[in-house]
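Letter by letter, the chains look like this.
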Amino acid sequence: MDAIRVQGLTKRYGETLAVDAVDFAVAPGITTGLLGGNGAGKTTTIAMLLGLLLPTAGRIEILGHDMARDRFAALARMNFSSPYVALPQRLSVAENLRVYGHLYGVPCLEARIAELAAELDLTDLLRRPAGALSAGQKTRVALAKALINRPEVLLLDEPTASLDPDTGDWVRAWLERYRAASGCTILLASHNMAEVERLCGQVLMLKRGRIVDRGSPAQLLARYGREDLEQVFLDIARNRRAAAAA
Amino acid sequence: MSASPAGAAMPAAPVAGHLAGAARRIWGLIYRHFALYRRSWPRVLDLAYWPILNMCIWGFTARFLSARAGSGGLTLAASLLLGGMLLWEVALRSQMGFAASFMEEMWSRNLGHIFVSPLRPSEMVVGLIVVSFLRMLVGVAPAMALAWGLYAFNVFTLGPIIVLFFANLMIMGWWVALGVVSLILRHGAGAEGLVWSVLFGFTPFSAVFYPVSVLPAAMRPIALALPSAHVFEGMRAVLNQGVIRWDQLAWAFGLNLLWLGAGVLLFARQFRQARLRGALLAIGE
């Protein structure tokens, strides 16, 4: 069974077609990258996967749960992180994790918080208000929140945006280790092509709400005759055709 | 979680598990506000500030009027004034407590995380009701103590019936807050000002300080459609004649049920509309 299965997913705002009949499936334990320029439909697709946004048409199944009818059962087994959605700034890191631990019904919550704090190097920060942390520390806290319920599906929206190269590399290495150890399925929206190339087993290229290409990073590089995904991205954005198709 | 077959009763263990899960999620939301207030004394002070200030102003006014009437203590009219003020604070603080707690999530840009958690919208409403009740207690209790200490006015001399008055005014505060939150879901932060002002617009029709009969005939149906007007008529009956007007209380509960149902439907509709429009992530803008 696929961890994520999307069929004919469409979102229309009046005359604007934000997502146009998108189909894709993500196998369990795979990291999939959702790539596309601004306005390509990445955030809209993720918002529909999370149940924040109702599709105009189409069907989403996550871990076998139909998101239209049974979304809370799926939400309990997944989680989400985005630099554009904050955690309460005045609450300490531990309090924030406790809030989400209760919302997700995490058993042995204090032990889970201690475990995550040790893994993400947050132990010394647990008593600090979330608002007093650096961008890198906030990203680690956001990851801890996203992992509090040991999600089987993790949606990450630009997880390393605004991080310095060192911290960004730390987060990417950590995500690689975590996926390998937990078997978690990750869907990652990013503008960082090197990140996608490093982390993702599958890439979906979105443009104007449609999936215009897909495959493993190696397959895409071969198809477009390029050396890195950034060049592939530019080829697609600028309507240059794949080498294989030319 | 699989759905039960239509018409089949859910076994006891899954029901208990479901309720325990719901209680844990509701506690999560309550804990979030508890943690916020625990480390922010200005927020706690703000809860009690206006009720205490109002009590001082109305208390000294009541004492002045009583002195003018040649009374050593508070006259009946002065007691009606203070009783009205204190009871109306219950409705005001309940409404503001609910709506402002929702706004806290919006101000902290946290709604996205809340709405993608397994917390159901109905559980969020219950959590906000509990938080609003606690905020109301912290806000109104000092004003009541002040009324007793400074003006020898004890609102509990109304008797046990006061619990029913409180309950009705709290429920009214909650359905008004549900309406305000629905408007925020529809119009975003543009509707934020209503959190602080909307219930003041109900004051003239609620007959807080005067009987409904004082209102012009055209305004009376509006007043009688509000539970608060029946609560205050009931309060005056207790203070004036020592009589409990069960008919007024029945009207208040009935109207509250009706308006609360309307508030829940409006909230459910606006929540769905917000999911259709994609407003849940951009609601603070």
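Keep in mind it's a predicted model, so treat the numbers as computed, not measured. (Residues numbered from 1 in each chain as written. Chains lettered and ligands numbered in written order. Predicted model: local features only at pLDDT ≥ 70, side-chain atom pairs only at ≥ 80, totals over all residues.)

A word on the overall build of chain B. On a plain count of helices and strands, chain B comes out with ten helices and zero strands. The secondary structure elements of chain B, listed N-terminal to C-terminal, are α-α-α-α-α-α-α-α-α-α. Here the C-alpha radius of gyration of chain B, 21 Å, is about what a compact globule of 285 residues would show, namely 19 Å. Its C-alpha atoms put chain B at 70 × 45 × 40 Å along the principal axes. Burial analysis of chain B (285 residues in total) assigns 44% to the buried set. (Helix = DSSP H or I, 4+ residues; strand = E, 2+ residues; numbered from the N terminus. Rg over C-alpha atoms; globule rule 2.2 N^0.38 Å. Buried ≥ 20, exposed ≤ 12 C-beta atoms within 10 Å, placed from the backbone.)

What follows is about the packing of helix α3 (residues 76-107) of chain B against helix α9 (residues 227-241) of chain B. All names here are of chain B. Between α3 and α9, the shortest axis-to-axis distance is 10 Å and the interhelical angle comes to 145°. Note that α3 runs across α9; the crossing there is right-handed. On the side of α3, the interface is formed by Leu 76, Ser 79, Leu 80, Gly 83, Gly 84, Leu 87 and Ala 91, while α9 contributes Ser 228, Val 231, Phe 232, Met 235, Arg 236, Leu 239 and Asn 240. Tallied by class, residues from the contact of α3 with α9 come to eight nonpolar, five polar and one charged. (Axes fitted to C-alpha atoms, helices over the stretch in contact; angles between N-to-C directions. Left-handed = near helix turned anticlockwise from the far one by under 90°. Contact = placed C-beta atoms within 7 Å. Nonpolar A, V, L, I, M, F, W, Y, C, P; charged D, E, K, R; others polar.)

Turning to the interface of chain B and chain A, a few remarks are in order. Counting residues at the interface gives 28 residues for chain B and 26 residues for chain A. Broken down by secondary-structure element, the contributors of at least two residues to the side of chain B that touches chain A are α1 (12-38), α4 (111-115) and α10 (246-277) of chain B. A breakdown of the residues in the side of chain B that touches chain A according to their chemical character gives twelve nonpolar, nine polar and seven charged.

Attention shifts here to the pairing of strand β2 (residues 16-26) of chain A. Residue and element names in this part refer to chain A. In this sheet, β2 lies alongside strand β1 (residues 4-13) in antiparallel orientation, the contact comprising seven bridges. Note on β2: the bridge partner recorded for Arg 5 is Ala 25. Here β1 hands over to β2 after two residues, with Gly 14 in that stretch at a positive phi of 60°. (Pairing = 2+ DSSP bridges.)

The next subject is the nonpolar core. Formed by 155 residues in total, the largest nonpolar core has its most connected members in Ala144(A), Leu155(A), Leu188(A), Leu82(B), Ala99(B) and Val181(B). Summarising the domain contributions, this core has at least three residues from each of domain 1 (1-77 + 153-212) and domain 2 (85-150) of chain A. Look past the residues within four positions of Val181(B) in its chain and what remains in contact with it is Ala99(B), Phe102(B) and Phe267(B). (Core = buried A, V, L, I, M, F, W, Y, C linked by C-beta atoms within 7 Å. Domains from an automatic or database assignment.)

Residue and element names in this part refer to chain A. Taken together, the four strands give an open sheet; going across it, the order is β2-β1-β4-β5, and neighbouring strands pair in antiparallel fashion. The open sheet has two edge strands with one neighbour each: β2 and β5 (65-66). Across five bridges, β1 lies against strand β4 (residues 57-62) in antiparallel orientation. Residue Val 6 lies in a different strand from β4, and its bridge partner there is Ile 60. Against the sheet, helix α1 (residues 42-49) contacts β1, β2 and β4, and its axis sits at roughly 120° relative to β1.

Attention now moves to the sheet that holds strand β8 (residues 185-189) of chain A. Residues and elements named next belong to chain A. Spatial strand order, β6-β7-β8-β3-β9-β10: six strands in an open sheet with mixed pairing. Across the chains shown, the open sheet's two edge strands, defined by having one partner strand only, are β6 (78-81) and β10 (210-215). When the angles between neighbouring strand axes are averaged without regard to direction, this sheet yields 15°. In the sheet, strand β3 (residues 31-35) pairs with strand β9 (residues 202-207) via four bridges, with the strands oriented parallel. Counterpart to Gly 33 in the pairing with β9 is Val 203. The sheet strands contacting α1 are β3, β7 (153-157), β8 and β9, and the helix crosses β7 at an angle near 150°.

All names here are of chain A. Here chain A is partitioned into domain 1 (1-77 + 153-212) and domain 2 (85-150). Summarising the inter-unit geometry, the C-alpha centres of domain 1 and domain 2 are found 23 Å apart. Between domain 1 and domain 2, the contact holds eight residues from the first and six residues from the second. Classifying every residue of the side of domain 1 that touches domain 2 gives five nonpolar, two polar and one charged.

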